[in-house]
Amino acid sequence: MSNFATILICLLLTIILSNFGSYWIDKLYTMPNAPLTFPDEVNQRARYRKPLLTFAMFCCTFYFVEYSLLPENFYLIVASFFLLLITFTDFEQYVIFDRMTLPFALIGIAATIHLNLQLNMHIGSALVGGGIFLILAAVTRGALGGGDVKLIAALGIWLGPHRLFNVIITGCIAGGIVALIMILLNQKDRKSYFAYGPYFTLATLIDLIRFSHLE
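Residues numbered from 1 in each chain as written. Predicted model: local features only at pLDDT ≥ 70, side-chain atom pairs only at ≥ 80, totals over all residues. Heavy atoms only, no water.

Visitor: Before we go on, may I ask you to explain the overall build of the chain in this structure?
Guide: A count of helical and extended segments in the chain gives 9 helices and 0 strands. In the chain, the order of α-helices and β-strands from amino to carboxyl end is α-α-α-α-α-α-α-α-α. A globule of 215 residues ought to have a C-alpha radius of gyration of about 17 Å, and the chain, at 17 Å, matches this closely. Seen through its principal axes, the chain has C-alpha atoms that stretch 50 × 40 × 35 Å. In the chain, the proportion of contacts linking residues at least 24 apart, taken out of those at least 6 apart, comes to 76%. (Helix = DSSP H or I, 4+ residues; strand = E, 2+ residues; numbered from the N terminus. Rg over C-alpha atoms; globule rule 2.2 N^0.38 Å. Contact = heavy atoms within 4.5 Å.)

Here it is as structure tokens:
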């Protein structure tokens, strides 16, 4: 594939996905009883979303279509789309919407079947990972939310057991370091809610990029 064709495809995909994604987030924010943490700061907290989402989406699409439009690359672009949207909603409003997590998980099942991966292993990792985080959410009394539990289950479907474990470890370490820094800077205290979801989604993006390169 020529460089011009690659860039053109990436631009088209980026424009479509980033605009639709930002529109979708805005619609979810305006739903009745939307569980927003900062309902009076929606516009302020989302002021950099469109340029950042567009840039990140272009980087992902360019990386995954650079060589060819294989089915694997298509699924990776779709996964990147959902991961980025979840990252933004959790950073902006500390919320992970089921309306994003559910289709993300279902597409993960379709990808697992289509690519002839071990479906039982991926479903098992979703159940185990989600179950462990459900226990942690109960033990920590809200430090982890239901959205985090469902996100980990969805990531288990996409990644399988070993890669999910690596993502969880990476996300916990990265999130813990950032949380500690914010506490030291008096931006948070130990009782404050902290969004861990973005660190799991970003760790997953890095994992997808790394493994696609190895393949």
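Here the narrative resumes.
Visitor: Is there a simple way to explain the pattern of salt bridges in this structure?
Guide: Side-chain pairing between opposite charges can occur once the charged atoms of the two side chains come close. Tallying each qualifying case throughout the model produces 5 salt bridges. For aspartate 26, the salt bridge goes to arginine 49, with nearest N and O atoms at 3.0 Å. Here arginine 49 lies in helix 3 (residues 49–65) and aspartate 26 lies in helix 1 (residues 3–29), a separation of 23 residues in the sequence. Among the salt bridges present, the one from arginine 49 reaches glutamate 92, with a minimum N-O distance of 2.9 Å. Of this pair, arginine 49 sits in helix 3 while glutamate 92 sits in helix 4 (residues 71–93), and the two are 43 residues apart along the sequence. By relative accessible area, which is 4% here, glutamate 92 ends up buried. (Salt bridge = Lys/Arg side-chain N within 4 Å of Asp/Glu carboxyl O. Buried < 20%, exposed > 50% of the residue type's maximum accessible area, 1.4 Å probe, protein only.)

Visitor: Honestly, the confidence of the model for the chain in this entry has me stumped. Any pointers?
Guide: Here the chain averages 90 in pLDDT, while 93% of its residues score no lower than 70. By mean pLDDT, helix 9 (residues 197–214) is the weakest element of the chain at 87, and helix 5 (residues 98–114) is the strongest at 96. (pLDDT = per-residue confidence, 0-100.)

Visitor: When you look at the nonpolar core in this model, what are you seeing that I'm missing?
Guide: The nonpolar side chains of a soluble globular protein tend to be buried with one another. By size, the foremost hydrophobic cluster in this structure holds 53 residues, and its most contacted members are Phe104 and Leu155. Elements with a minimum of two residues in this core: helix 1, helix 3, helix 4, helix 5, helix 6 (119–139), helix 7 (146–159), helix 8 (161–184) and helix 9. Sort the elements by how many residues they give to this core and helix 4 lands first, with 12 residues. (Core = buried A, V, L, I, M, F, W, Y, C linked by side-chain atoms within 4.5 Å.)

Visitor: Which parts of the structure should I look at to understand the packing of aromatic side chains?
Guide: Two aromatic rings are characterised by how far apart their centres lie and by the angle between their planes. A full pass over the atoms with the stated rule returns 14 aromatic pairs. Measuring from centroid to centroid gives 6.0 Å for tryptophan 24 and phenylalanine 82, while their planes differ by 80°, and the two rings are edge-to-face. Residue tryptophan 24 is found in helix 1, and its partner phenylalanine 82 is found in helix 4; the two are separated by 58 residues along the sequence. The same class applies to tryptophan 24 and to phenylalanine 82, which are both buried. Taken together through their ring pairs, the aromatic side chains of Phe20, Trp24, Phe81, Phe82, Phe104 and Trp158 make up a single cluster. Over the ring of phenylalanine 211 we find arginine 163, and its NZ or CZ is 4.0 Å from the ring centre. (Phe/Tyr/Trp six-rings, centres within 6.5 Å; stacked < 30°, edge-to-face > 60°. Lys NZ or Arg CZ within 6 Å of the ring centre and 35° of its normal.)

Visitor: Would you mind showing me how to read a nonpolar patch on the surface here?
Guide: There is a patch of nonpolar side chains on the surface, built from Phe165, Ile169, Ile173, Ile177, Ile181 and Leu185 and spanning about 590 Å² of accessible area. With respect to the element layout, phenylalanine 165 can be found in helix 8. A relative accessible area of 52% means that phenylalanine 165 is categorised as exposed. (Patch = residues over 30% accessible without salt bridge, like charges linked within 9 Å, V, L, I, M, F, W, Y side chains within 5 Å. Areas by Shrake-Rupley, 256 points an atom, 1.4 Å probe, with all protein chains shown as cover.)

Visitor: It is not clear to me how the environment of proline 198 should be interpreted in this structure. Could you clarify?
Guide: Structurally, proline 198 can be placed in helix 9. For proline 198, a relative accessible area of 0% puts it in the buried group. On a C-alpha basis, the gap between proline 198 and glycine 130 in space is 16 Å, while along the polypeptide they are 68 residues apart.

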